2 protein chains.
Amino acid sequence: MATEAESADPPAAYTALLDEIERYNAVGSAQSVLSWDQQVMMPERGTPARSQQLSTLSSLSHELLVDGDVGDHLDTLDDESLTTDQQAVVREVRRQYRRAERVPRDLVEDISEASSEALGAWESARENDDFDEFAPHLDELVDLKRQYAEHIDPDADPYAVLFADYEPCLPLSKAESILDELRETLVPLIDDIRASDADLATDALDGTYDTDTQEDLARDVLELLDYDFDRGRLDTSTHPFTSGNQFDCRITTRFDPEDPLGSLLPTIHEFGHAYYTLGLPDEEFGTPLGDDRDLSVHESQSRLWENHVGRSEDFWELLLPKFTDRFPQAEDLSVRDAYEAANQVYDENLIRVEADELTYHLHIIVRFEIERELIGGDLAVDEVPDRWNELYEEYLGLTPPSDAVGCLQDIHWSHGSFGYFPTYSLGSVMAAQLYAAADRDIDELDERFALASSTRLASGSARTFTATGNDTRRAS
Amino acid sequence: MATEAESADPPAAYTALLDEIERYNAVGSAQSVLSWDQQVMMPERGTPARSQQLSTLSSLSHELLVDGDVGDHLDTLDDESLTTDQQAVVREVRRQYRRAERVPRDLVEDISEASSEALGAWESARENDDFDEFAPHLDELVDLKRQYAEHIDPDADPYAVLFADYEPCLPLSKAESILDELRETLVPLIDDIRASDADLATDALDGTYDTDTQEDLARDVLELLDYDFDRGRLDTSTHPFTSGNQFDCRITTRFDPEDPLGSLLPTIHEFGHAYYTLGLPDEEFGTPLGDDRDLSVHESQSRLWENHVGRSEDFWELLLPKFTDRFPQAEDLSVRDAYEAANQVYDENLIRVEADELTYHLHIIVRFEIERELIGGDLAVDEVPDRWNELYEEYLGLTPPSDAVGCLQDIHWSHGSFGYFPTYSLGSVMAAQLYAAADRDIDELDERFALASSTRLASGSARTFTATGNDTRRAS
């Protein structure tokens, strides 16, 4: 059957389905541009127009999927007559369609408008350290997202329904058991590390680093990693993120004069996201085959580059000359010291995106527990700050001095993204697995990080690395 | 009747119409953001995705106007039951609807895709001075736009149909007679000026001006003019333009180290566009009452600020200290010299956006004649460079040494915008009329330009100025 399907023209219903889906995805990618602009370029008072644009596109996108002929085409199609690639497209469209058809258009529009409004409120609340500014928006989003989950599956745990938006291929229970295992392993491990008397160069990067120069260095690193600036950009935003498609995938970072790693590692992290997206096949743009897989797979790519490359001693061998070139103040820094500083387990860090590799997951688990309680109706929005601080005390032994560096630090809830956080930890776990496999299959993998970019490319290892990611994506 | 309508709730069909139109316009304003991004921020190789996004939004926007209930609502509505504002909304929607319903969706999509592709080709052609790179795109756009005009009115002059997209309230014949009069008056006047032996400080601004500092100065000027950076931005693009709505209206300029006026005057020009847009009523966003009037009215605002303020001696009194502050090299420059330099009639300038107030219209007339011939089928695309050079010789006594500074200098044809250029001259004529009226009605208008911004605002003249523009807009 498969052989027959490979050689024949696709059935008319398939071609028609693809046309509809390409339009649907074009609207989605237009929304991404508007959202990138909102976070990076839009003037402060542009929100009312942007909210209306985004909510209109959300509802149009919903209508394209649900009200047109997509459902009919899906009913008509005989999967047996399709190639395996075509079957994958249909499987993915069917999954999206079945969820979307249950959600009323007005609700889609309300969620989009509410999250666009919430974004500005969150930015302001964070700046003013005033949770009350953000609370009514969060309350509205929790309520809207509960309704959304209820429409999709009234009998399921609403949080599990939301989680499936980001991670459709893994049951929540499995995710939960991974997070449990991480917590049970990491809490005592971190205690041991903190109690250890090993003398590490944790303060090797202390000092003040000019932020414009940090930006130059971030660009150096991106050049080194072979980021394609003809298909990307580096900008600054409150919260580092990546946005785009295989033709145009942009990253952001942010700069703190006291913390050069706080811009460097997020830059490498976002590069990992972008490198994955830029590796998607051009000719499949607008179809599920040209789109990224689940968020945890995406995160596996960013964490791979951040943790397994960016924090490796060999990579610092390559990076250090660039670093000291930009910051002559660090002329005495050794590769080993930089490596130790980049891999330290912080005693005091409150900020997820600046966390070390181990405590990172505890930051995630705090958010996971709070959002489950919020969506489950077990926690009121005004109790979030106290609950947050309580859990930080419990898992990290820290009490945030303010909500700005506490429950207001992340953008996600202002997007109405509940169920998103666990994918970060799942991605890190996947990254570790990918790395272990790559290390097994590629000779002297670590050592190659120390080679100049052109040599690395000639040896093919960088590309192999990405190919691994893509293969995994297809298989998952 | 009108009094009754004012006090009653609007008829249901009107409210429903407004909902549809707000969605339609939200898509349009989303397209503007994508297009701004494409010209200002998008990485070089992002075009394929952007073209697909823009063409999908074009066709969706078309469908929202034509395939939904807009036509039914328009049929149902009894204009007598509406307030005058509501009648204006309906009149404008009806006009747009009647044109759009005649154009097939595929053609709309083709035009959008072709112009998005053409943009990159134009940029590259201009950079490489290679008209052949752009020619096939131009050819396709001429063909598509002819088809478009044919659909709207098969019996009319296709150029007149296209012109009405930009200037629906003025017959082409009237525009033509205004342009004729300009040409007949300006050609001998310019000859007289060139033959004159008046000794003017035309070289007062010669020299080299650091472009970063030019940008600082452009920002100074925008502060001086009271541009609201909370609702706007200044960026750089190949071709200066303004894009946005009353919440977010952004301008661009460009910088040439040899020509400080070449960034300053376009900045003031684009400010005029933005100031008009930012003055539109917030609460009418998404309806025709919150949208700008015809392009010539828009242009009347930009030319008013550029020509009647930015080129006035009194304004330079205010500007000069900023100028010499940024450029100490110009410490000997006097207000009078700067004024003379800013108002000189160039002997040699080939570039429309850098033209003086008089020769400007000859640049327009060249384009007007060429695009009429192209759309009328009297000129083939590959004949454009020769025809361009011939007309420049005839009207301006100049032969462009290359197409880059000849027929490739403007972005408009790459957008498929045929019929747009005449609105520049019409706007300038309107600006002169507005200025004459303002000068009659406001005491010491010129002298007020020399006052600091806060004083000007306190006196109310700047706002009065804008109000004049808005009133005109409503009346035209």
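Given the structure is predicted, the values throughout are model-derived calculations rather than measurements.

Asker: Just checking my understanding: could you explain the pairing of strand E3 (residues 248-253) of chain A for this structure?
Answerer: Strand residues, when the strand is regular, have side chains that alternate between the two faces of the sheet. Residue and element names in this part refer to chain A. Of all six residues making up E3, six are buried, and the element is well covered by its neighbours. Taking every second residue as pointing to the same face, both faces of E3 are buried, with Asp 248, Arg 250 and Thr 252 on one and Cys 249, Ile 251 and Thr 253 on the other. Bridge count for strand E1 (residues 234-236) against E3 is three bridges, and the pairing is parallel. What sits directly across from Asp 235, in E3, is Thr 252. Where strand E2 (residues 242-245) lies against E3, four bridges are found, and the strand directions are antiparallel. Residue Gly 244 lies in a different strand from E3, and its bridge partner there is Cys 249. Remark: two residues form the turn of the hairpin made by E2 and E3, two consecutive strands paired antiparallel.

Asker: How should the packing of helix H6 (residues 105-128) of chain A against helix H7 (residues 131-152) of chain A be read in this particular structure?
Answerer: How two helices sit against one another is set out by the angle between their axes and by the gap between those axes. Residues and elements named next belong to chain A. Direction vectors running N to C along H6 and H7 enclose 150 degrees, while the axes themselves pass 8 Å from each other. Between H6 and H7, the interaxial angle falls into the category roughly antiparallel. In the crossing of H6 with H7, the sense of the turn from one axis to the other is left-handed. Contacts between H6 and H7 involve Leu 107, Asp 110, Ile 111, Ala 114, Ser 115, Glu 117, Ala 118, Ala 121, Trp 122, Ser 124, Ala 125 and Asn 128 from the former and Glu 133, Phe 134, His 137, Glu 140, Leu 141, Leu 144, Lys 145, Gln 147, Tyr 148 and His 151 from the latter. For the contact of H6 with H7, the residue count by class is 11 nonpolar, six polar and five charged.

Asker: Honestly, the relation of the copies chain B and chain A in this entry has me stumped. Any pointers?
Answerer: Turning one copy of the chain about an axis and sliding it along that axis gives the other copy, so a rotation and a shift relate them. Between the two copies, chain B and chain A, the superposition gives an RMSD of 0.0 Å; the rotation angle is 180 degrees and the shift along the axis is 0.0 Å. Classification of the inter-copy transformation places it as that of a two-fold axis. Among all C-alpha atoms of chain B, that of Leu 34 of chain B lies closest to the rotation axis, at 3.7 Å.

Asker: Would you explain the interface of chain B and chain A in this entry?
Answerer: Across the contact, 39 residues belong to chain B and 40 residues belong to chain A. Both sides together, the interface formed by chain B and chain A hides about 3400 Å², and carbon and sulfur atoms give 58% of it. The three residues of chain B that bury the most area against chain A are Arg 23, Pro 43 and Arg 45 of chain B, which together make up 19% of that side's buried surface. For the pair chain B and chain A, the interface holds eight salt bridges. Residue Asp 248 of chain A pairs with Arg 50 of chain B through a salt bridge whose shortest N-O separation is 3.7 Å. Elements with a minimum of two residues in the side of chain B that touches chain A: helix H2 (12-40), helix H3 (47-66) and strand E3 (248-253) of chain B. Top contributing element to the side of chain B that touches chain A by residue count: H3 of chain B, with 11 residues. Split by residue class, the side of chain B that touches chain A holds 17 nonpolar, eight polar and 14 charged.

About the cut-offs
Residues numbered from 1 in each chain as written. Chains lettered and ligands numbered in written order. Predicted model: local features only at pLDDT ≥ 70, side-chain atom pairs only at ≥ 80, totals over all residues. Heavy atoms only, no water. Buried < 20%, exposed > 50% of the residue type's maximum accessible area, 1.4 Å probe, protein only. Helix = DSSP H or I, 4+ residues; strand = E, 2+ residues; numbered from the N terminus. Pairing = 2+ DSSP bridges. Axes fitted to C-alpha atoms, helices over the stretch in contact; angles between N-to-C directions. Parallel < 35°, antiparallel > 145°, perpendicular 65-115°, else oblique. Left-handed = near helix turned anticlockwise from the far one by under 90°. Contact = heavy atoms within 4.5 Å. Nonpolar A, V, L, I, M, F, W, Y, C, P; charged D, E, K, R; others polar. Least-squares fit on C-alpha atoms with pLDDT ≥ 70 in both. Buried area = accessible area lost by both parts, 1.4 Å probe. Salt bridge = Lys/Arg side-chain N within 4 Å of Asp/Glu carboxyl O.

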